[in-house]
Amino acid sequence: MTDRPDVLIVGAGPAGMQAALRCRALGLSVALLDEQGGPGGQIFRHIEHADQRARKVFGDDYAAGHALARDFLGSGTTYLRHARVWEVAPGPLVYALVGGHSRVFEPRRVILATGAMERPAPAPGWTLPGVIGAGAAQILMKSSGLVPEGPFVLAGSGPLLYLLAQQLLRVGARPAALVDTTSPGNRMRAVGPLAGALGSWRVLLKGLGMLGDIRRAGIPVYAGATHLAFEGDGRVTGVAFRHRGRPHALPANVVLTHQGVVPDTQLTRALRVPHAWSDSQLCWLPATSALGELSSAQGIFLAGDAAGIAGAQAARLRGEVCAWAVGEQLGVVDPRRRARETDALLRRLERWRALRKFLDTLYRPADGQRIPDDDVLVCRCEEISAGTIRGFVREGCLGPNQAKAFGRCGMGPCQGRQCGLAMAEIIADERGVEVGQVDVLRARFPVKPVMLQDLIV
Amino acid sequence: MSGTGFFKAVPALKREGGSVSIRIDDRACTVRAGLSVAAALLEQGAVRFRRTPVSGAPRAPLCMMGVCFECLLEIDGVANSQSCLIEVRDGMRIRTQDGAARLASMTEGTAP
């Protein structure tokens, strides 16, 4: 049964777990494959083992994941941990390495819930050891109880940066400073969308609470900083920036960076699904129906932040929407009931969309943090700078896929996960066209490193 | 700041649990069970996981969730393993990578 489940779900975050719960409730057999050792995705990382102390440090939103994970584990889903999905093909067929063994699945339907990743934001020195994502630091905190050692600085923009500062303060790890690159102009632009977000006042209050904790702790905040650069030789030793027209430099043993999160589109890009550039989220979004089915790969659905950033609670609703749609396609729900259920879910999603519109506007990463100067490395793997990419354009390169041929940009081990977005923006900027006019960087299967012997199944 | 690593365990979140013995570049050490290899190395004070094949620049983890490929290590003879996605196991042998990975299992014993 495991290899021919009714539904195969990729990802055990909020969207994947909620989709599994609904599919099981509809009587469908479900296999869920996830890369981690436990359920939760990144947002509820290590939730299975979170004790009272951890839940207090990480807050109510994190603790809410505990009940979801418990229900999921008890749902009768065939849950495969440490499973690395390296190809999804029309059919659908799913190829994965599970506990070191190659497996092929032939489910009737697939729901991809691969979530989000931190936006790679090329800046001078961002490849130095010790420059680490704020999300990465939060993962280390949740799953391993580790916090930065020595003086450390938070640098960048976005709610996660403030949340992390609050969580670090709760365990006695005090940031030396918060260098906030949020453009001051964003605030004015966010006034309009704020009205729509007021329905989510609880979330907004939580945000104010984070900022309050940072202020009360007396952490120096450099708001509206620009020209962020990481300094050091062999490892980071400091962070430099401009604030109110003056240059600043702070010593740091670790710098935690953040410029928001973007969908993880590796699988959908490898599936050659059309992707459209979102100017509000500054990332590529795969084309889907209203219920989440990929427009060019029938039977494969997309749920959660992988379909566009909307947050954990919206991800649950979108997982549920996909599950009802799958249920209708597999004949276990009649179309009228499905429509009634998904209409109600889509209405509830509107509130989260309105909140996201406000957050996207307020924390839109500054142009300088996405489109770097010539000397900054963009492709970390092949070590290709923004200047080299601009040189490709002058020689006639029209988009990221051609940049591969021009100079291997995006062809290292990370397969363009880190450079793809910046490359598209740099090329569009240099060509003087909209980003949507340069094509999305294609990914190729296998999207995870596998050994030759694993491909022969 | 030499001698200082990037991360340390914090008492408020540290859990009691077992430990496992691993080898990092032929140095034996005891680490907490349940940690990813990357987290275990960071707790041990590692500041360099590998040197890049292109320029030899030092690198260490950036994302801790499998999307940056900066934490690549040779783990039990398998080069380019994503150390943030693999849990430590007793007896594990870990090697930092210097430049391009050697294809150990393919070249061993065949060199002239």
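Residues numbered from 1 in each chain as written. Chains lettered and ligands numbered in written order. Predicted model: local features only at pLDDT ≥ 70, side-chain atom pairs only at ≥ 80, totals over all residues.

Asker: Requested: an account of the overall build of chain A, with residues and values cited.
Answerer: The helix and strand tally for chain A stands at 14 helices and 23 strands. Expected size for 457 residues packed as a compact globule is a radius of gyration near 23 Å; at 22 Å, chain A falls within 12% of this value. Taken along the three principal axes of its C-alpha coordinates, chain A extends 65 × 55 × 45 Å. For chain A, the residues scored as buried account for 54% of the 457 residues in total. Contacts spanning at least 24 positions in sequence make up 69% of the contacts within chain A whose residues lie at least 6 apart. (Helix = DSSP H or I, 4+ residues; strand = E, 2+ residues; numbered from the N terminus. Rg over C-alpha atoms; globule rule 2.2 N^0.38 Å. Buried ≥ 20, exposed ≤ 12 C-beta atoms within 10 Å, placed from the backbone. Contact = placed C-beta atoms within 7 Å.)

Asker: Please give an account of the sheet that holds strand β8 (residues 93-95) of chain B that cites residues and values.
Answerer: Across a sheet, paired strands are connected by hydrogen bonds in the backbone, their directions being either parallel or antiparallel. Residue and element names in this part refer to chain B. In space, the five strands of this open sheet follow the order β3-β2-β8-β6-β7, with mixed pairing throughout. Either end of the sheet is taken by a strand with one partner, and the two such strands are β3 (27-32) and β7 (78-82). Adjacent strand axes in the sheet meet at a mean angle of 40° when their direction is disregarded. (Pairing = 2+ DSSP bridges. Axes fitted to C-alpha atoms, helices over the stretch in contact; angles between N-to-C directions.)

Asker: How would you summarise unusual backbone geometry if you had to cite specific residues and measurements?
Answerer: Each neighbour pair has its own omega, and for Gly91(A) with Pro92(A) the value is -10°, a cis peptide bond. As for its position among the elements, Pro92(A) is in the loop between β4 (83-89) and β5 (93-98). The peptide bond linking Phe445(A) to Pro446(A) adopts the cis configuration, its omega dihedral lying at 0°. Looking at the element boundaries, Pro446(A) is found in the loop between α13 (420-431) and α14 (452-455). One non-glycine residue, Asp25(B), adopts positive backbone phi at about 50°. Checked against the element boundaries, Asp25(B) lands in the loop between β2 (19-24) and β3. According to the C-beta neighbour criterion, Asp25(B) is exposed, with 11 such atoms within 10 Å. Of note, the phi angle at Phe69(B) is positive, near 60°, even though the residue is not glycine. Along the chain, Phe69(B) turns up in the loop between β5 (58-59) and β6 (72-75). By the C-beta count within 10 Å, which is 23 here, Phe69(B) ends up buried.

Asker: Help me get a handle on the pairing of β3(B), residues and values and all.
Answerer: Sheet faces and side chains relate simply in a regular strand, where the side chains alternate between the two faces. Residues and elements named next belong to chain B. Here β3 lies mainly on the outside; zero of its six residues are buried. Sheet topology places β2 next to β3; six bridges connect them, and they run antiparallel. Following the sheet pairing, isoleucine 22 is matched in β3 by cysteine 29.

That is the geometry; function is a separate question.
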